[in-house]
Amino acid sequence: MRGLFITFEGVEGSGKSSQIVRLEARLRAEGIDVVCVREPGGEPMAERIRALLLDTASDLEARAELLLFLAARAQVVSRVVAPAVARGAVVLGDRHIDSSVAYQGWGRQQDVAAIRSLNAFAVGGVLPDRTLLLDLPPETGLARQMDRNRMEAEPAEFHVRVREGFLAEARQSPERFRVIDASGSPAEVEERIHSALRDLAPALGRATG
Ligand code: TYD
């Protein structure tokens, strides 16, 4: 019995992480087996790659950066996401394939088609059932952030391109994506997310832990 893989994407400070905590609690209260992973990271080796990627002291070529994000992804998908989905759990992913397209493709202006195929290679056939894009103007998101990692330290135009990249991916795959207005209170955004998952209720109901 296959579970579900739901990913969250968005610009810095779009509130993904706190919405994942809320959804996790909501699903657990219904007795659902939930696993949360963040990218880059979510597994010991992938967390080590994460440290390299986000350290402001790391001096990385754009292609090397892309391949490290993909290496971390290949690791967490094989070790955590695929086994959890196979046992029937609901996996909530804090960033996934679309972040590489938006940040390394649109932000760093690398070949988007190449990134899509590298993503496909990295995940080996494991694909999200639903992607929630928490959409917000980047200046609003960055204003919410306290500290700055290596990506967050990029100039405003970079983050504007990242947002455009996410919206373009959402237009490419409308059946997988739901674009959520991430402005307003956390409770309001939570309700929007709940509505965007309503059609998955039968599958969620089967994923009981
Ligand atoms: P994190 O602190 O987890 O940020 P957030 O809470 O916004 O997710 O840092 C992850 C950073 O890595 C974030 O700036 C986005 C970036 N990133 C990429 O550039 N490419 C990727 O493929 C992924 C997964 C993340």
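Refer to the structure printed above.
For clarity, every value in this text was computed on a predicted model and none was experimentally measured. All chains use their own residue numbering, which begins from 1 and follows the written sequence. In keeping with the predicted nature of the model, local features appear solely for residues at pLDDT of at least 70, side-chain atom pairs appear and are counted solely at 80 or more, and the whole-chain, interface and lining totals rest on all residues. Values shown for side chains rest on all heavy atoms present in the structure; no hydrogens or waters enter the calculation.

Asker: Sorry, what's going on with the nonpolar core here?
Answerer: Side chains of nonpolar character tend, in soluble globular proteins, to be buried together. Grouped together as the largest cluster of nonpolar side chains are 32 residues, with contacts concentrated most on I6, F8, L27, V90, L92, L132 and I193. Where helices and strands are cited, they refer to DSSP runs of H or I of at least four residues and of E of at least two residues respectively, numbered from the N terminus. Elements with a contribution of two residues or more to this core: β1 (4-10), α1 (16-29), β3 (90-94), α4 (97-107), β4 (130-135), α7 (156-172), β5 (177-181) and α8 (186-196). By residue number, the principal contributor to this core is α7, which donates four residues. We define the nonpolar core as a collection of buried residues of types Ala, Val, Leu, Ile, Met, Phe, Trp, Tyr and Cys that are connected through side-chain atoms lying within 4.5 Å of one another. Note on classification: 1.4 Å probe, protein chains only; a residue is buried when its accessible area is under 20% of the maximum for its type, exposed when over 50%, partly exposed between these limits.

Asker: What is the right way to look at the site of the ligand in this model?
Answerer: Every one of the 16 residues lining the ligand counts as a neighbour, but E12, K16, R95, S100 and Q104 are closest to it. Pairing of N or O atoms within 3.5 Å defines a polar contact, subject to two protein rules: one partner must be a possible hydrogen donor and the other a possible acceptor, and residues neighboring in sequence count only if both atoms are side-chain atoms. Here an oxygen atom of the ligand sits 3.0 Å away from a polar atom, N or O, in the side chain of R73. Between an oxygen atom of the ligand and a side-chain N or O atom of N149, the distance comes to 3.3 Å. Protein chains shield 90% of the accessible area of the ligand, which is 540 Å² for the free molecule. One heavy atom within 4 Å of a molecule or strand is enough for the residue carrying it to be called near that molecule or strand. Accessible surface is estimated by sampling points in the Shrake-Rupley manner with a 1.4 Å probe; for residues, cover comes only from the protein chains shown.

Asker: Can you walk me through the pattern of salt bridges in this structure?
Answerer: When the charged atoms of two side chains lie near each other, side chains of opposite charge can form a pair. Within this document, salt bridges are pairs made up of a side-chain nitrogen of Lys or Arg and a carboxyl oxygen of Asp or Glu, the two lying within 4 Å of each other. By the definition in use, this model includes 18 salt bridges. Of the charged contacts in the structure, one is a salt bridge between R73 and E39, with a shortest N-O distance of 2.6 Å. One end of the pair, R73, is in helix α3 (residues 62-86); the other, E39, is in the loop between β2 (34-38) and α2 (44-54), with 34 residues separating them in the sequence. You can call E39 buried: its relative accessible area is 8%.

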